[in-house]
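Coordinate inspection notes
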Amino acid sequence: MSRLESFIRRLTAQRDILDQVCAEVAKIEGPVLELGLGNGRTFHHLRERLPGRRIVAFDRALAAHASSIPEAENLVLGEIRETASRFIGIGAALVHADIGTGYEDRDAVTATWLPDLIARLLRVGGIAVSGTPLDHPQLQRLAPPPSVPADRYYICRRV
Ligand code: SAM
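Please read these numbers as outputs of a predicted model, since none were measured by experiment.

The next subject is the overall build of the protein. What the protein contains, in helices and strands, is 4 helices and 7 strands. Helices and strands in the protein line up, N terminus first, as α-β-α-β-β-α-β-α-β-β-β. The C-alpha radius of gyration computed for the protein amounts to 14 Å, which stays within 12% of the reference 15 Å derived for 159 residues, consistent with globular compactness. In terms of overall dimensions, the protein has C-alpha extents of about 40 × 35 × 30 Å along its principal axes. Looking at the protein as a whole, 46% of its 159 residues are labelled buried. The long-range fraction of contacts in the protein, counting pairs at least 24 apart against all pairs at least 6 apart in sequence, stands at 61%. Treating the 20 positive side-chain charges of the protein as one cloud and the 19 negative ones as another, the clouds have centres 2 Å apart.

Moving on: the site of the ligand. Gly-40, Thr-42, Asp-59, Ile-80 and Asp-98 are the nearest of the 14 residues found near the ligand. One of the backbone nitrogen or oxygen atoms of Ile-80 is found 2.9 Å away from a nitrogen atom of the ligand. Burial of the ligand by the surrounding chains reaches 80%, relative to a free accessible area of 600 Å². Tallied by class, residues from the shell around the ligand come to 3 nonpolar, 6 polar and 5 charged.

So, on to helix 2 (residues 41–49). Among the residues of helix 2, Thr-42, Phe-43, His-45 and Leu-46 are the ones counted as buried. Down the axis of helix 2, the sector holding all buried residues measures 160°, keeping them to one side. Of the exposed residues in helix 2, the ones pointing more than 90 degrees away from its buried face are Arg-41 and Glu-48. Where helix 2 is buried, its residues meet helix 1 (3–25), strand 1 (32–35), strand 2 (55–59) and strand 4 (92–97).

Before going further, it helps to spend a moment on the environment of Arg-60. Note that Arg-60 resides in the loop between strand 2 and strand 3 (75–77). The class for Arg-60 is exposed, based on a relative accessible area of 61%. Filtering out sequence-adjacent residues up to four positions away, Arg-60 remains in contact with Leu-77, Gly-78 and Glu-79. Within the structure, Arg-60 has its side chain in polar contact with the side chain of Glu-79 (distance 2.4 Å).

Here the structure, examined in full by the defined rule, presents 7 salt bridges. Ionic pairing is found between Glu-48 and Arg-49, a salt bridge with its closest N-O pair at 3.7 Å. Given a relative accessible area of 37%, Arg-49 falls into the partly exposed group. A single network of salt bridges, built from pairs that share partners, joins Asp-19, Glu-48 and Arg-49.

A full pass over the atoms with the stated rule returns 1 aromatic pair. It is Arg-106 that lies over the ring of Tyr-103; its NZ or CZ is 4.2 Å from the centre.

Of all the 9 residues making up strand 5 (residues 122–130), 7 are buried; the element is thus mostly covered by neighbouring parts of the structure. Taken together, the 5 bridges between strand 4 and strand 5 define a ladder with parallel strand orientation. Looking at the pairing, His-96 lines up with Val-129 of strand 5. Remark: the strand 4/helix 4 (residues 104–121)/strand 5 crossover connection has right-handed handedness. In this sheet, strand 7 (residues 154–158) lies alongside strand 5 in antiparallel orientation, the contact comprising 4 bridges. When the bridges of strand 7 are listed, Val-129 appears paired with Ile-155.

Reading the values: rules and limits
Residues numbered from 1 in each chain as written. Predicted model: local features only at pLDDT ≥ 70, side-chain atom pairs only at ≥ 80, totals over all residues. Heavy atoms only, no water. Helix = DSSP H or I, 4+ residues; strand = E, 2+ residues; numbered from the N terminus. Rg over C-alpha atoms; globule rule 2.2 N^0.38 Å. Buried < 20%, exposed > 50% of the residue type's maximum accessible area, 1.4 Å probe, protein only. Contact = heavy atoms within 4.5 Å. Lys, Arg positive; Asp, Glu negative; His and termini not counted. Charge placed at Lys NZ, Arg CZ, Asp CG, Glu CD. Near = heavy atom within 4 Å. Polar contact = N/O pair within 3.5 Å; in protein donor to acceptor, adjacent residues only side chain to side chain. Areas by Shrake-Rupley, 256 points an atom, 1.4 Å probe, with all protein chains shown as cover. Nonpolar A, V, L, I, M, F, W, Y, C, P; charged D, E, K, R; others polar. Arc of directions from axis to C-beta. Salt bridge = Lys/Arg side-chain N within 4 Å of Asp/Glu carboxyl O. Phe/Tyr/Trp six-rings, centres within 6.5 Å; stacked < 30°, edge-to-face > 60°. Lys NZ or Arg CZ within 6 Å of the ring centre and 35° of its normal. Pairing = 2+ DSSP bridges. Right-handed = clockwise from strand over helix to strand, strands pointing away.

In structure tokens:
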């Protein structure tokens, strides 16, 4: 598969999964955490699907489109491993992590700390969506929508 096809599949998977989980997240109290604001496309989508919900976005640096920049109090810059740790206990309804790099060795390092961080950020019953695997005893894997190939994107519930 070409990188272009892979990119299209990733974006389609993100949209379909976020649409599926937002219907459920709308019934769960708590903020949404966007780990990896990037261009802000998925942040913008979440903001449309969950109007009025607090969405806190994290990144190393601000590089989002002007239409997709959170309010200053909801933008946290720096290394996510450190910055998001300060939000442990916030009781998030949804954590969306889009910080995969496409490099197996780098993503393997992320997999050593991201699942535990997400488990601590979510309230019980909250949902995690991630482009990299979330192997953790408190994160129960859920089935993606039928349009999403297995192991393309990951959805879990905090138990
Ligand atoms: N979902 C975003 C969108 O729709 O525009 C794209 C996110 S982009 C693929 C990933 C972003 O995560 C990049 O902007 C990168 O700087 C950020 N990122 C990746 N790993 C990070 C880390 N450990 N700490 C802080 N930011 C990180």
